Amino acid sequence: MNRKLTLEEPRSDITVAQAPIDLNSTSLQIDAVARAASPAIGHQSEGAGPTPGPSSRKALTRNFDELRYSVRSYIPQDEGEGYWDLYRVSQDIFVTIANCLYHEVKRVDVPGERCLKIRFLRSGVLVGQNGQHYLAGANAMLSLYPGESGDGYFIPARTRCSLVIVQCSSRALWNELDIDPRQAPMPLKILAGDEDQPPHAQTFEPAATVTRAFADILDSRDLFEANLRGWFVEAKAREIIASLVQVLLQKPDLKVGGNRLSRRDRHRILEAKEIILANIEDVPAIPELAHMVGMNQTKLKAGFKEIVGSTVGRFISRSQMNLAARMLTSTDLDICRISQSFGFRHPGNFTQAFKRHFGRTPRAYRRHATVLSENAPVQRSH
């Protein structure tokens, strides 16, 4: 990544740069240079570098590597006091930290792109474009930008704002957090559509741990050396994203028979499912599985059927047969060897179980897959 920095004298081990700063485009537009100033009010692009203008604007920059960097944009004395920090902590996650007070009303533009933003305002107030309060301290807001449409807000004059924005691309949600966009919970599902939609925003009351994480980010300026602060901010940003997504994914309490599954029970049952899949060729017996996750067998079996949708035994059998089918089509292992890998002492028992699941014997299944592969059309490049 090429970075264009007009350098002045170094200050400590951080480069002092004279605006404008061009960090080039990234997967998110958060670090694009701010839009040109309006005659009526100044502009700031949320988390952006300094805006070109007549005032002398300086920024501290620190480069971590190709995907990590930080930029501090100080507010000129003739406009106010404070700064905006931008941390690019990964390819898809940005954190903006603002501690600012402006002499005049300041407009903040927010570009539209497929991402979610989690804003936390510890002090101050942000005013929406309709003149109503957009966010007031101490409060949090979840905003989603599913397309090219953006929005913005105003920072009132002579009002100190202490603000943190954690931004995460939809790509990171689907790929890194392994969320199926088709089954994503609301409001995350808004990011899964192909059509350009207007931004969606809603305030929420963050859990105490999330509030603490935001506060830790705000206070990190005085707690960490510059080269350590980036790593600390990254850890806290990921904690905030994970906590929020977990709340959105969390299903309400479920009733199983006469018992109610707690959140802890649900997590333990899903843990049991992961243990089964991780040890599918040598699955622990149900008593051992229940012991491993810290549940009694009755609750595990009843809860597993309610949450996963099948009994433990049927889930194990289905998962084993699906893996056996992949082994038949992607390896040259003989059927006897495949059956033994799943604990079948006699290949005939494996054949019967496989036929019940797929409607044909393992040998016929492999032969059919081979024929389909041989007759598949050849893709030619042009």
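Residues numbered from 1 in each chain as written. Predicted model: local features only at pLDDT ≥ 70, side-chain atom pairs only at ≥ 80, totals over all residues. Heavy atoms only, no water.

Of the regular secondary structure elements, the protein chain holds 10 helices and 17 strands. Here the protein chain, with 382 residues, has 44% of them falling under the buried criterion. Across the protein chain, the fraction of contacts at a sequence separation of at least 24, relative to all contacts at a separation of at least 6, is 62%. Per element, the accessible surface of the protein chain, about 20,100 Å² overall, is 49% carbon and sulfur. (Helix = DSSP H or I, 4+ residues; strand = E, 2+ residues; numbered from the N terminus. Buried < 20%, exposed > 50% of the residue type's maximum accessible area, 1.4 Å probe, protein only. Contact = heavy atoms within 4.5 Å. Areas by Shrake-Rupley, 256 points an atom, 1.4 Å probe, with all protein chains shown as cover.)

In this structure, the amide linkage connecting methionine 186 to the following residue, proline 187, adopts the cis form with an omega of 0°. Looking at the element boundaries, proline 187 is found in the loop between helix H1 (170-176) and strand S15 (200-204). One non-glycine residue, arginine 158, lies in positive phi territory at about 55°. With respect to the element layout, arginine 158 can be found in the loop between strand S13 (151-155) and strand S14 (161-169). Judged by its relative accessible area of 63%, arginine 158 falls in the exposed class.

Following the criterion strictly, the structure yields 14 salt bridges and no others. Where aspartate 85 meets arginine 229, a salt bridge forms, and the shortest distance between an N and an O atom there is 2.7 Å. Of this pair, aspartate 85 sits in strand S6 (residues 80-88) while arginine 229 sits in helix H3 (residues 226-249), and the two are 144 residues apart along the sequence. Both residues of the pair, aspartate 85 and arginine 229, count as buried. A salt bridge links aspartate 216 to lysine 236, with the shortest nitrogen-to-oxygen separation between them at 3.1 Å. (Salt bridge = Lys/Arg side-chain N within 4 Å of Asp/Glu carboxyl O.)

Next up on the list: the packing of aromatic side chains. Evaluation of the coordinates by the stated rule reveals eight aromatic pairs. When the centroid spacing of 4.9 Å and the interplanar angle of 10° are considered together, the rings of phenylalanine 120 and phenylalanine 214 count as stacked. Here the residue phenylalanine 120 occupies a position in strand S9 (residues 115-123), and phenylalanine 214 occupies one in helix H2 (residues 208-219), the gap between them amounting to 94 residues. Note on accessibility: phenylalanine 120 and phenylalanine 214 belong to one class, buried. Between phenylalanine 344 and phenylalanine 350 the ring centres are 5.5 Å apart and the planes differ by 65°, which places this aromatic pair in the edge-to-face class. Through a chain of ring-to-ring contacts, three or more aromatic side chains come together here, namely Phe344, Phe350, Phe354, Phe358 and Tyr365. (Phe/Tyr/Trp six-rings, centres within 6.5 Å; stacked < 30°, edge-to-face > 60°.)

Here the focus is the layout of surface pockets. Put simply, the largest pocket is a space of about 800 Å³. Taken together, 18 residues form the lining of the largest pocket, with Asp178, Ile179, Leu249, Arg266 and Leu270 sitting closest to its centre. Element by element, the count of residues in the lining of the largest pocket is highest for helix H4 (residues 263-278), at five residues. Among the residues forming the lining of the largest pocket, the class breakdown is nine nonpolar, three polar and six charged. (1 Å grid on protein atoms, 1.4 Å probe; cavity = no way out; pocket = protein on both sides within 12 Å on 5 of 7 lines; lining within 4 Å. Points joined across faces, edges and corners; volume = space filled by probe spheres on them. Nonpolar A, V, L, I, M, F, W, Y, C, P; charged D, E, K, R; others polar.)

With that settled, consider the environment of isoleucine 280. Here isoleucine 280 lies in the loop between H4 and helix H5 (286-293). Linking isoleucine 280 and isoleucine 316, residues 36 residues apart in sequence, is a C-alpha distance of 7.3 Å. For isoleucine 280, the contacting residues outside a window of four places in its chain are Ile316, Ser319, Gln320, Leu323 and Phe342.

Another point: the nonpolar core. Among the nonpolar cores identified, the biggest contains 34 residues, and Val95, Leu116, Ile118 and Val166 are the most heavily contacted of them. The leading source of residues in this core is H3, at seven residues. Core analysis: the next-biggest nonpolar cluster, separate from the first, contains 29 residues, Ile307, Phe315, Ala324 and Met327 among them. (Core = buried A, V, L, I, M, F, W, Y, C linked by side-chain atoms within 4.5 Å.)

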